Amino acid sequence: MSTRKLCMIPGPVEFNEEVLAALAAPALSHVSPEFIEKFGTALELLRKVFLAPSGQPFVLAGSGTLTWDITASNLVEPGESVLVINTGIFGDWFGECLEVYGAKVTQLRPAEFGGRPSLQEIEQALVKGGADGKPYKLVTITHVDTSTGVLHDAEAIAKLVHQKSPSTLIALDGVCSVAAEEIRQEEWRIDVVMTGSQKALGVPPGLAVMVVSQRALSTALTRAAGPSSYFCSFAKWLPIMKKYEARQPSYFGTPAVGLVSALEVSLKQILAGGLDKRFELHKAASQKVKSKLQSFGLKLVPVNPECAANSLTAVYFPPNVTGPQFLPKVAAHGVVIAGGLHPNHAAQYFRVGHMNISATENDTRHHLDITLNAIEQALKECGYVAPQQ
């Protein structure tokens, strides 16, 4: 009997069997015709998943965090101002990353934990400009902050930036949103969308994935300052990506061959199911989880439904229930969920991921039902009695 537990954290997620099979293939040269075809196809499919037909995809070996370094080192020169629209710890950390490369960072934070800055507050910050009095060089948006479960209205923010500060580049941290939340990169005129492989893209951890607009590429390739990173340089990686897409061998750093092969499989599956349908299935999964947890008398971390993500649910522990007490009991029922992550509130809440096949194939796999039952049983074992409806 298998003792494997269902992985229902906000990434890594559960993976399709065909994706995992691609990782189990024998060793393959990174310049073999077979792999070049797989990588080239994956790059082409990324444009379709990101809805960015003229964007430039980049796929590097690394975690989603690497895409912060790539964005910061290519698009921001020392002394330039960046506005970070913050909804949690990942906004804090992205700001720290930007400062490493010499950016002057302004953090725009919400009034309360679980909230998000209003469009009016964002507009005021854009009009004011950076510390140097000039328009911000870059605005960063954490589409879904995994530490809070808060969702930004990326479309509305991007529209506002183009209206109030048209020269400002827009970078969307989509690590916990790409292929789960609706993103129309080119239509919304977002310059950079970043993610990691291990969440809604449905591939085990190890790939840093991003699609970059032609405007952002031009900015990076004509920067006045010298390179601030060797490995992260667009100037180094752009010829490699173009060569693979042209089905020609190339080399700068060895790609993660198995993971790229798995990515090709997953992207084909995502597109075969239809992006709009996929977005709706993630919304339905989110509503199912949130409604059930609220029916137990639990309170969500996001302050209102409009800012609650569809890729995960962050929920407060009920009175007299703690993480060290509750989470092992959930695991004893065969499901792993996550504790809180934000350092100022970590002990107060837990998080449930519902992405990829757990959201899109619940009718057959029943991951959500199994998870909700495990949570309900664990709460009872902790002595919690849900209020009567």
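Scroll up to find the structure.
Throughout what follows, the structure given in this document is the object of discussion. Note that the structure is predicted; figures quoted are calculated from it, not measured.

The subject of this paragraph is the overall build of the chain. Looking only at helices and strands, the chain has 15 helices and 14 strands in total. Since a compact globule built from 389 residues should have a radius of gyration of about 21 Å, the 21 Å found for the chain is in line with a globular shape. Per-residue burial for the chain yields a buried fraction of 58% across its 389 residues. Excluding contacts between residues fewer than 6 apart, the proportion of contacts in the chain whose partners are at least 24 apart in sequence is 72%. Surface summary for the chain: the accessible area is close to 15,700 Å², and the carbon and sulfur share equals 54%. Separation between the mean location of the 34 positive side-chain charges and that of the 35 negative ones in the chain comes to 1 Å.

Spanning 12 residues, helix 9 (residues 234-245) covers 16 Å between terminal C-alpha atoms, matching the ideal 16 Å at 1.5 Å per step. Among the residues of helix 9, those classed as buried are Phe234, Trp237, Leu238, Ile240, Met241, Tyr244 and Glu245. In this fold, the buried residues of helix 9 make contact with helix 2 (33-50), strand 2 (56-61), helix 3 (64-75), strand 10 (207-212) and helix 8 (214-221). Two or three places before alanine 235, at the start of helix 9, stands the capping residue serine 233, its side-chain oxygen 3.1 Å from that residue's backbone nitrogen.

Judged by pairing direction, the sheet is mixed, and its 7 strands sit side by side in the order 2-10-9-8-5-3-4 without closing on themselves. Across the chains shown, the open sheet's two edge strands, defined by having one partner strand only, are strand 2 and strand 4 (104-108). Strand-to-strand twist of the sheet, defined as the mean angle between neighbouring strand axes without regard to direction, takes the value 20 degrees. One ladder, built from 6 bridges, connects strand 2 with strand 10; its direction is antiparallel. Across the sheet, residue leucine 60 finds its bridge partner in strand 10, namely alanine 208. Packing of helix 3 onto the sheet brings it into contact with strand 2, strand 5 (138-142), strand 8 (169-173), strand 9 (192-196) and strand 10, and relative to strand 9 it is tilted by some 155 degrees. The strands touched by helix 6 (residues 154-164) within the sheet are strand 3 (81-85), strand 5 and strand 8, with strand 8 carrying the most contacts at an inclination of about 165 degrees.

In this structure, threonine 87 sits in the loop between strand 3 and helix 4 (89-100). By relative accessible area, threonine 87 is classed as buried at 4%. In contact with threonine 87, other than residues within four places in its own chain, are Pro110, Gly115, Arg116, Pro117, Thr142, Asp145, Thr148, Val150 and His152.

Cis geometry marks the peptide bond from glycine 11 to proline 12; its omega dihedral reads 0 degrees. Looking at the secondary structure, you find proline 12 in the loop between strand 1 (6-7) and helix 1 (17-23). Positive phi values are uncommon outside glycine, yet arginine 247 reaches one of about 65 degrees. Note on placement: arginine 247 falls in the loop between helix 9 and helix 10 (257-273).

Thresholds applied
- Residues numbered from 1 in each chain as written.
- Predicted model: local features only at pLDDT ≥ 70, side-chain atom pairs only at ≥ 80, totals over all residues.
- Heavy atoms only, no water.
- Helix = DSSP H or I, 4+ residues; strand = E, 2+ residues; numbered from the N terminus.
- Rg over C-alpha atoms; globule rule 2.2 N^0.38 Å.
- Buried < 20%, exposed > 50% of the residue type's maximum accessible area, 1.4 Å probe, protein only.
- Contact = heavy atoms within 4.5 Å.
- Areas by Shrake-Rupley, 256 points an atom, 1.4 Å probe, with all protein chains shown as cover.
- Lys, Arg positive; Asp, Glu negative; His and termini not counted.
- Charge placed at Lys NZ, Arg CZ, Asp CG, Glu CD.
- Expected span 1.5 Å × (residues − 1).
- Polar contact = N/O pair within 3.5 Å; in protein donor to acceptor, adjacent residues only side chain to side chain.
- Pairing = 2+ DSSP bridges.
- Axes fitted to C-alpha atoms, helices over the stretch in contact; angles between N-to-C directions.

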